[in-house]
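# Structural features, examined
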Amino acid sequence: MIVTSKAILETSLQAYKKGNPFAIGAFNVNNMEQMQGIMMAAKETNSPVIVQVSRGALKYAQDLYLVNIIKAGAELNPEVPLAIHLDHGNSFETVKRAIDLGFTSVMIDGSLMEDSKTPSTFEYNVKVTAEVVKYAHDLGVSVEGELGTLGGIEDGVGSGQTHLTDPDQAVEFVERTGVDALAISIGTSHGAYKFKNEPKLAFDIIEKIRKYLPDTYLVAHGSSSVPQELLDIINQYGGDMETAKGVPLTALQKAIVCGINKINVDTDIRLAATGAIRQFFVENPKAFDPREYNTVARKAIAAEVKKRMEVFGTAGHRDEVPNWGLAEMKKQYNS
Ligand code: G3H
Ligand code: 13P
Ligand code: ZN
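In what follows, the accompanying structure is described. Worth saying up front: this structure is predicted, and the values here are computed from it rather than measured. (Residues numbered from 1 in each chain as written. Chains lettered and ligands numbered in written order. Predicted model: local features only at pLDDT ≥ 70, side-chain atom pairs only at ≥ 80, totals over all residues. Heavy atoms only, no water.)

## Some thoughts on the nonpolar core
Ranked by internal contacts, the top residues of the largest apolar core, which has 76 residues, are Val 49, Leu 82, Phe 103, Val 106, Leu 182 and Phe 312. Every residue in contact with Val 106, bar those within four places of it in the chain, is listed here: His 85, Leu 86, Val 95, Ala 98, Ile 99, Val 132, Ala 136, Val 141, Ser 142, Val 143 and Glu 144. Counting residues in each nonpolar core, the second largest holds 20 residues, with Val 3, Phe 22, Ala 26 and Trp 324 among its members. (Core = buried A, V, L, I, M, F, W, Y, C linked by side-chain atoms within 4.5 Å. Buried < 20%, exposed > 50% of the residue type's maximum accessible area, 1.4 Å probe, protein only. Contact = heavy atoms within 4.5 Å.)

Below you can see the structure in the form of structure tokens.
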């Protein structure tokens, strides 16, 4: 069942309000095996899921291939509530293209300029985000914005505190843009090398923003846990990722208790596939059939996603998600 991300995230928010918080994993997809692995995990754990696609993924797979792979996953698993989400949209045009393709949810990341590198001003962010919200809501599509710049507290990416989301500014941002979901900077960062020292998240910032914005879905990007056991497999079978470090699952659980609703995971899926494929080739030096190594990769992806659905508490919440597709949300936004 393809729904908007609002339908899925509302389930998480209501659970938080009832004192029983859980979060939704949003998993990045670049190819068929990743989609299949994610759907295997969602089905096995009775979880709703947000499947997200970056601009890099759209370019790599060609957008039509990727969207149709995702739609096939939804059609083959009609019992799984699924939102198709654009990750880090950089411009109105990118968002429009995603909506034309059938995405039910989009992110406009106005914290950065269109090059996705240069930090923007608050006014630029408000302007581009509000423009997207107006366009998307008219069509029933959910919108995620971002305030603050991702980058670790201690890892030298960015310069610490000044890049973390300011809770007062978050209130102004949500009021002026009308976003459904807000990605906040709390010390996480993208990729496999998140911390040089001990992982540290700004839980106080989540708590404040949750208190100030009780009806906004809060999103943690850069939330892969970079499990040591996956690094060990990669390193044992010819890789070199000695210094990689992620956000421990226990810290993510604490972030959920503080009010996070959506947790973005991409790197862990990449690590699972890489480890499985590396091991496969070392153990099967004569192998050359992509169906064989992609099968072990798919299994490893499914296991990692399943673990997160359990740890984030998503498992078992499938049937609580309302059937809010684009038509229903169009009515709700316009009422
Ligand atoms: O937000 C970043 C995601 O991990 C997507 O990464 O642009 O390499 O596909 P990508
Ligand atoms: P990771 O690199 O930690 O998996 O983050 C993914 C992400 O935030 C996608 O938007
Ligand atoms: Zn991200």
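## A short note on the sheet that holds strand β5 (residues 142-147)
Strand order in the closed barrel made by the eight strands is β1-β2-β3-β4-β5-β6-β7-β8, with parallel pairing throughout. Going across the sheet, the axis of each strand differs from the next one's by a mean of 25°, ignoring polarity. On top of the sheet, helix α8 (residues 203-212) reaches β6 (181-184) and β7 (217-220); it is set at about 160° to β7, its chief contact. (Pairing = 2+ DSSP bridges. Helix = DSSP H or I, 4+ residues; strand = E, 2+ residues; numbered from the N terminus. Axes fitted to C-alpha atoms, helices over the stretch in contact; angles between N-to-C directions.)

## A look at the site of ligand 1
Taken together, the residues surrounding ligand 1 are Asn 28, Ser 54, Asp 87, His 88, His 190, Asp 266 and Arg 270. In the environment of ligand 1, an oxygen atom lies 2.6 Å from a nitrogen or oxygen atom belonging to the side chain of Ser 54. A distance of 3.2 Å separates an oxygen atom of ligand 1 from a polar atom in the side chain of His 88. Calculation on ligand 1 without its partners gives an accessible area of 300 Å², and the protein chains cover 68% of this total. Residues belonging to the shell around ligand 1 are distributed by class as follows: no nonpolar, four polar and three charged. (Near = heavy atom within 4 Å. Polar contact = N/O pair within 3.5 Å; in protein donor to acceptor, adjacent residues only side chain to side chain. Areas by Shrake-Rupley, 256 points an atom, 1.4 Å probe, with all protein chains shown as cover. Nonpolar A, V, L, I, M, F, W, Y, C, P; charged D, E, K, R; others polar.)

## Quick look at the coordination of the zinc ion (ligand 3)
Bound to the zinc ion (ligand 3) are the protein donor atoms His 88 (NE2), His 190 (NE2) and His 221 (ND1), situated 2.1 Å from the metal. On the basis of relative accessible area, His 88 is assigned to the buried category, the value being 18%. (Donors = N, O, S within 2.8 Å, 3.2 Å for Na, K, Ca; no water.)

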